[in-house]
Amino acid sequence: MTETNPVPVSVIGLGAMGSVLATALIENGHPTTVWNRSPEKADPLVEQGAARATTVTEAVQASPLVIVCVLDYKAMYELLDPLCDALAGRVLVNLTTGTPEQAREAAAWATHRTIDYLDGAIMATPPAIGRPDAFLLYSGSQSAFERHEATLKLFGDASTYFGADPGLAALYDIGLLTSMYMSFTGFLYGAALVGTADVKATAFAPYVESFLDGVVRGGMGQLAQQIDEGHYPDDASPLAMQAAGMTTFIKAFQDEGIDVEILQHIKGLTDRTVADGHTKAGLASLIEQIRTRRL
Ligand code: FVH
C-alpha cells in the first residue's frame, strides 16, 4: 500500500524490531528519520534512504508521527520525558512491550503534555513485519489511529484498533501470548511423555495439531459463551470426572519421572471448582478459581 503523500515518520529505537519497522516505512515511500542509542544501528537504514537524526530531539522534530520501539518503558521515559516540548502536538505511537497499567500511565503522561498517544502491541516477529498475516494491536487515541491507519497497517495489514482505553492493546497482547505459551508448553509436556517410549516429537505433533484444531478450537466458542454469561451448565465431560482423569494423568507423568507441577496446578483449580459445587459443569467454570487471587 503506497500513499499519495506518505507522512514523514520518525522511528526511535532500532533494535531487531525498530529496524524492520523503519524498513517498511522507507520501502513504502515515507520520509523516515531514525535514531538509536547505539548509532551504528542506523547505518543500514540510512543506506536504504532514511535520514539520520543525531539526537532524539532531532528525531522527534523531524516528523508529525513518532514511533518508539525500545526495550521497555523505563528506556522509553528516559528518552522521551526530557523532550515533552518537542513532542507536544505530535502523535506518539509506542510499540514498546508493557503492561496495561504502564500503557495507561504513559497515556496519562502524554495527555498531560498534549501528546496524542497511541499504544501498540506487536503480534509478530521482526521477519513477519509487513506480511499480510502480521498484525499489531492498538488502543488509545482514536484520532491518532484513524489519521495514521494506512501507515500503521504497513507493518501488518490485519492490525486492529481496540478502543480509547490505552491499556487494551497490552491486555490483548498478554492474553494472546499467555494462550500461546500455555499451548506450546502443553505440547512440550505431551512430547516429554510420549518421548519416554521413544516417540519422536515430530511423530506426535500432527496428532496434537489435529486434536487442537478439532477439540480445542471447536470448544473455544462454547467456553467463551459460558464465561461471558457466568453460567456453567451440565457438561458431557463434567469436572468431577475430569478431576479423576487428572489424577491418572499425574500418575502417568510421575511414573516416568516427569515434572508434574503444572498438571497439579490444573488439578488444584479443578478440585477447588468442584468443591465450590461445579461438579457437573465443564472446564469453563475453572475461570472462577483463576480469577481468585491467591497469595
Ligand atoms: N523482537 C520480537 O520478536 C518482539 C516482537 C513483539 C514485540 N517486541 C517488543 O519490541 C520492543 C523492542 O524489541 P526488539 O526486538 O527491537 O529488541 P532489541 O533488539 O533488544 O532492541 C532494543 C532496543 O531498545 C534500545 N534500548 C534499550 N535500552 C535503552 C535505553 N536505556 N535507552 C535507549 N535505548 C534503549 C536498544 O538500543 P541499543 O541497545 O541498540 O543502543 C534497541 O534499540 C520490546 O519492547 C519487545 O518486547 C519485539
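Definitions and limits used
- Residues numbered from 1 in each chain as written.
- Predicted model: local features only at pLDDT ≥ 70, side-chain atom pairs only at ≥ 80, totals over all residues.
- Pairing = 2+ DSSP bridges.
- Helix = DSSP H or I, 4+ residues; strand = E, 2+ residues; numbered from the N terminus.
- Contact = placed C-beta atoms within 7 Å.
- Axes fitted to C-alpha atoms, helices over the stretch in contact; angles between N-to-C directions.
- UniProt positions renumbered as here; feature names shortened; annotations may be inferred.
- Near = placed C-beta within 6 Å.
- Nonpolar A, V, L, I, M, F, W, Y, C, P; charged D, E, K, R; others polar.
- Buried ≥ 20, exposed ≤ 12 C-beta atoms within 10 Å, placed from the backbone.
- Right-handed = clockwise from strand over helix to strand, strands pointing away.
- Core = buried A, V, L, I, M, F, W, Y, C linked by C-beta atoms within 7 Å.
- Domains from an automatic or database assignment.
- Parallel < 35°, antiparallel > 145°, perpendicular 65-115°, else oblique.
- Left-handed = near helix turned anticlockwise from the far one by under 90°.
- Expected span 1.5 Å × (residues − 1).

### Considering the sheet that holds strand β1 (residues 9-12)
Working step 1: The eight strands are arranged β3-β2-β1-β4-β5-β6-β7-β8 in an open sheet whose pairing can be described as mixed. Lying at the two open borders of the sheet, with one neighbouring strand each, are β3 (51-52) and β8 (160-161).
Working step 2: Inspection of the sheet shows β1 paired to strand β2 (residues 32-35) by four bridges, in the parallel sense. Bridge pairing in β2 places Ser10 opposite Thr33.
Working step 3: Helix α1 (residues 16-27) rests against β1, β2, β4 (65-68) and β6 (116-122) of the sheet, and its axis sits at about 165° to β1.
Working step 4: Its contacts with the sheet place helix α6 (residues 100-112) against β5 (91-94), β6 and β7 (136-140), and it is angled at close to 155° to β6.

### Structural notes on the UniProt feature "domain: 6-phosphogluconate dehydrogenase NADP-binding" (unreviewed entry) in the protein chain
Working step 1: Mapped onto this structure's residue numbering, the UniProt feature "domain: 6-phosphogluconate dehydrogenase NADP-binding" (unreviewed entry) falls at residues 9-163.
Working step 2: Overall, residues 9-163 shows 39% helix and 21% strand. The separation of its end C-alpha atoms is 23 Å.

### A look at the site of the ligand
Working step 1: Of all residues adjacent to the ligand, which total 22 residues, the nearest are Gly15, Met17, Arg37, Ala75 and Thr97.
Working step 2: For the shell around the ligand, the elements supplying multiple residues, two or more each, are α1 and α4 (73-80).
Working step 3: Broken down by class, the residue content of the shell around the ligand amounts to ten nonpolar, eight polar and four charged.

### Regarding the pairing of β7
Working step 1: Along β7, five of the five residues are buried, which leaves the element largely enclosed by surrounding structure.
Working step 2: In β7, alternate side chains face the same way, and those of Leu136, Tyr138 and Gly140 on one face and Leu137 and Ser139 on the other are all buried.
Working step 3: Pairing analysis gives five bridges linking β6 to β7, with the strands arranged antiparallel. Considered in β7, the bridge of Ala121 is made with Leu137.
Working step 4: Viewed along the sheet, the connection from β7 through helix α7 (residues 142-152) into β8 turns out right-handed.

### Things to note about the environment of Val260
Working step 1: Within the secondary structure layout, Val260 lies in the loop between α10 (239-255) and α11 (261-275).
Working step 2: Between the C-alpha atom of Val260 and that of Ala240, which follows or precedes it by 20 residues, the distance is 20 Å.
Working step 3: Ignoring sequence-local partners within four residues, the contact set of Val260 consists of Ile250, Phe253 and Gln254.

### Regarding the nonpolar core
Working step 1: If you look at the biggest cluster of nonpolar residues, it comprises 56 residues, and the most contacted ones within it are Leu21, Ile67 and Val68.
Working step 2: Broken down by element, the residue count for this core peaks at seven residues, all from α1.
Working step 3: In contact with Val68, other than residues within four places in its own chain, are Ile12, Gly13, Met76, Leu80, Leu92, Asn94, Leu95 and Thr96.

### Examining the domain arrangement of the protein chain
Working step 1: Domain parsing of the protein chain yields domain 1 (9-164) and domain 2 (196-290).
Working step 2: Here the C-alpha centre of domain 2 lies 40 Å away from the C-alpha centre of domain 1.

### Side note on the packing of α10 against α11
Working step 1: Packing of α10 against α11 leaves a shortest axis separation of 10 Å and a crossing angle of 160°. With respect to each other, α10 and α11 are oriented roughly antiparallel. In this structure, α10 crosses over α11, and the sense of that crossing is left-handed. Taking contact as the criterion, the partners of Leu239, Ala240, Gln242, Ala243, Met246, Phe249, Ile250 and Phe253 in α10 are, on α11, Leu263, Gln264, Ile266, Lys267, Thr270, Asp271, Thr273 and Val274.
Working step 2: For the contact of α10 with α11, the residue count by class is ten nonpolar, four polar and two charged.

### Observations concerning helix α8 (residues 168-195)
Working step 1: With 28 residues, α8 should reach 40 Å at 1.5 Å per residue; the first-to-last C-alpha distance of 40 Å fits that figure.
Working step 2: Residues Leu168, Ala169, Ala170 and Asp173 constitute the buried set of α8.

### A few points about the pairing of β6
Working step 1: β6 sits mainly inside the fold: seven of its seven residues count as buried.
Working step 2: Here β6 shows no split at all, with Asp116, Leu118, Gly120 and Ile122 on one side and Tyr117, Asp119 and Ala121 on the other all buried.
Working step 3: Bridging between β5 and β6 involves four bridges; their strand directions are parallel. Residue Val93 lies in a different strand from β6, and its bridge partner there is Leu118.
Working step 4: Crossover β5 to β6 through α6 is right-handed.

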